[in-house]
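Notes for the structure review
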Amino acid sequence: MSSLFKAYTRGPLKLKNRIVMAPMTRSRTSSGDVPNALMAAYYAQRVSAGLIITEATDVSASSNGYACTPGIYTAEQTQGWRLVTDRVHLHGGTIFLQIWHVGRMAHHTMLPNGEAPRGATDERAAQSQVFIYDSTGKAVFVPADTPRKIETDEVADLLDEFTLAFRNARAAKFDGVEIHGANGYLFDQFMNSTLNKRSDQFGGQTPQTRTRLLLDVVDLAIRELGAGKVGVRVSPFGKFNSMPSDPFVEETLLYLCSELNRREIAYLHVVYQPLPAGNTVDSEFNEKNLSDDLVREVRKAFQGTLIWCGGFDQNSAQAALDEGWADLIAFGRPFIANPDLVERMTNNWPLAEAHPDTFYTRDGEKGYTDFPFFQ
């Protein structure tokens, strides 16, 4: 049997195979950004994955950057997520909650009292958009607003928001949490030395200061949940959400890897994928692949469970495992149209494809839970 389909155990992480369902925003929440029975059905359909990582989940109302994305900061949201975890656990699945703060990637119409987004700095993501519903209820993409810089004395309140989120994740019976440090959102904004021109202890001068906020939040998660229930996602070289080139990206990445290794977290989840030639459209993927040498350095600095995500198919996933570059491989869009993706790969059955028009809609089951299992 291919090792992709074999069980994986490391510390408290005990998975039935090495295939991870990557986090994917689907915008199907109920009023109040509350997870619902439809979402529970969606995740339960995909329990053949060794590990499910949920869609990105807002840490507070001030982190709400996209329409109908779930939260984890109210009792109703926590109970909604309990519907999801109960269904997944009933079918023998393992599920981590991805927790995020979007930082500058937001629009005032989505935020309390029409406030400005909060970012690492006051620089706007000039080439990027966020997804909202306009006054007529129509789904539209609009430019991200100019953010307000998070002041140093506001960081303590931000950390309190994450602490509440971790406690609510525990109450919702998640197997763990993944802290979203990738794709141009808040922590990525702080870690980018070109964007982060702050002069305080969270500024961009050194890898220690650039990663301080993320590591402070990781420490909070470990305190609330235990290190074996905490994962971190990063996207080195990522250009998504107007992130500028960073001459110190490798230095920051390797320092972060060593610090996370010292904390013995459950896993490090790395996103990497080149943009297709000639593609100038904002993408969730990266500008270039990591070099072989850098991959080896990441492996050396972080010796725990390593997840790679980014355009893998079954063959390239197995090759990455065989080379020792990864312990687990995350698949995103293939899981949308193939709830039985693991079985299809195991048996070499053909894969279905989802239409992008159904990725972020309020059309209920359409393009969400109506994909058939292979007959």
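Residues numbered from 1 in each chain as written. Predicted model: local features only at pLDDT ≥ 70, side-chain atom pairs only at ≥ 80, totals over all residues. Heavy atoms only, no water.

**Some thoughts on the environment of aspartate 175**
Tracing the chain through its elements places aspartate 175 in the loop between helix H3 (155-171) and strand S11 (176-180). The spacing of aspartate 175 and alanine 266 is 91 residues in sequence and 11 Å in space, taken between C-alpha atoms. There is a polar contact of 2.9 Å between the side chain of aspartate 175 and the side chain of histidine 89. Here isoleucine 95 takes part through its backbone nitrogen, which lies 2.8 Å from a polar atom of the side chain of aspartate 175. (Helix = DSSP H or I, 4+ residues; strand = E, 2+ residues; numbered from the N terminus. Polar contact = N/O pair within 3.5 Å; in protein donor to acceptor, adjacent residues only side chain to side chain.)

**What to know about the layout of surface pockets**
In this structure, the second largest pocket spans a volume of roughly 270 Å³. Taken together, 20 residues line the second largest pocket, and the ones lying closest to its centre are Ser235, Pro236, Phe237, Asp246 and Val249. Put simply, the parts of the chain that give the lining of the second largest pocket at least two residues each are helix H4 (186-191) and helix H7 (249-263). Ranked by residue count, the leading element in the lining of the second largest pocket is H7, at four residues. Of the residues assigned to the lining of the second largest pocket, the class counts are nine nonpolar, six polar and five charged. (1 Å grid on protein atoms, 1.4 Å probe; cavity = no way out; pocket = protein on both sides within 12 Å on 5 of 7 lines; lining within 4 Å. Points joined across faces, edges and corners; volume = space filled by probe spheres on them. Nonpolar A, V, L, I, M, F, W, Y, C, P; charged D, E, K, R; others polar.)

**Observations concerning the confidence of the model for the protein chain**
Considering every residue of the protein chain, the mean pLDDT works out to 93; 95% of them sit at 70 or more. Low pLDDT (under 50) marks residues 274-288, which in the prediction has 33 contacts with non-local residues, meaning those over four places away or in another chain. (pLDDT = per-residue confidence, 0-100. Contact = heavy atoms within 4.5 Å.)

**Here's the deal with the pairing of strand S8 (residues 129-133)**
Among the five residues of S8, four are classified as buried, and the element is accordingly described as predominantly covered. Examined bridge by bridge, S8 and strand S9 (residues 139-143) share five bridges and lie antiparallel to one another. By the bridge assignment for S9, isoleucine 132 is matched with valine 140. With antiparallel pairing between neighbouring strands as the criterion, S8 and S9 make up a hairpin whose turn holds five residues, including glycine 137 at a positive phi of roughly 90°. (Buried < 20%, exposed > 50% of the residue type's maximum accessible area, 1.4 Å probe, protein only. Pairing = 2+ DSSP bridges.)

**With respect to the packing of aromatic side chains**
By the definition in use, this model includes 16 aromatic pairs. Ring geometry for tyrosine 66 and tryptophan 100: centres 5.8 Å apart, planes at 20°, overall stacked. Of the two residues, tyrosine 66 is situated in the loop between strand S5 (57-58) and helix H2 (75-90) and tryptophan 100 in strand S6 (residues 95-100); the sequence distance between them amounts to 34 residues. Look at tyrosine 66 and you get buried, because its relative accessible area is 10%. Among the aromatic residues, those joined into a cluster by ring pairs are Tyr42, Tyr43, Trp81, Phe174 and Tyr368. (Phe/Tyr/Trp six-rings, centres within 6.5 Å; stacked < 30°, edge-to-face > 60°.)

**Comments concerning the packing of helix H6 (residues 212-225) against H7**
Geometrically, a packed helix pair is captured by the angle between its two axes and the distance between the axes. The interhelical angle for the contact between H6 and H7, taken along N-to-C directions, is 15°, at an axis separation of 12 Å. With respect to H7, the axis of H6 lies roughly parallel. The chirality of how H6 crosses H7 is right-handed. Judged by residue contacts, Leu214, Leu215, Val218, Asp219 and Ile222 of H6 engage Tyr255, Leu256, Glu259, Leu260 and Arg263 from H7. (Axes fitted to C-alpha atoms, helices over the stretch in contact; angles between N-to-C directions. Parallel < 35°, antiparallel > 145°, perpendicular 65-115°, else oblique. Left-handed = near helix turned anticlockwise from the far one by under 90°.)

**Some thoughts on the pairing of strand S15 (residues 328-331)**
On S15, burial covers both faces: Leu328 and Ala330 on one face and Ile329 and Phe331 on the other are all buried. Pairing of strand S3 (residues 19-21) with S15 involves three bridges; the strand directions are parallel. For isoleucine 19, the partnering residue across the bridge sits in S15 and is isoleucine 329. Of the pairings in the sheet, the one linking strand S14 (residues 305-309) to S15 comprises three bridges and is parallel in character. For tryptophan 308, the partnering residue across the bridge sits in S15 and is isoleucine 329.

**Examining the side chain of serine 60**
With respect to the helices and strands, the residue serine 60 is situated in the loop between S5 and H2. On the basis of relative accessible area, serine 60 is assigned to the buried category, the value being 7%. Of note is the side chain of serine 60, whose polar atom sits 3.2 Å from the side chain of glutamate 161. The contact partners of serine 60, leaving out residues within four places of it in the chain, are Tyr73, Arg118 and Glu161.

**Details of H3**
In this model, H3 (17 residues) spans 25 Å end to end at C-alpha, consistent with the 24 Å of a helix rising 1.5 Å per residue. Looking at H3, one finds that the buried residues are Val155, Leu158, Leu159, Glu161, Phe162, Thr163, Ala165, Phe166, Asn168 and Ala169. Contact partners of the buried residues in H3: H2, S6, strand S7 (118-119), S11, H4 and H6. Just past H3, the residue lysine 173 takes up positive phi, approximately 70°. (Expected span 1.5 Å × (residues − 1).)

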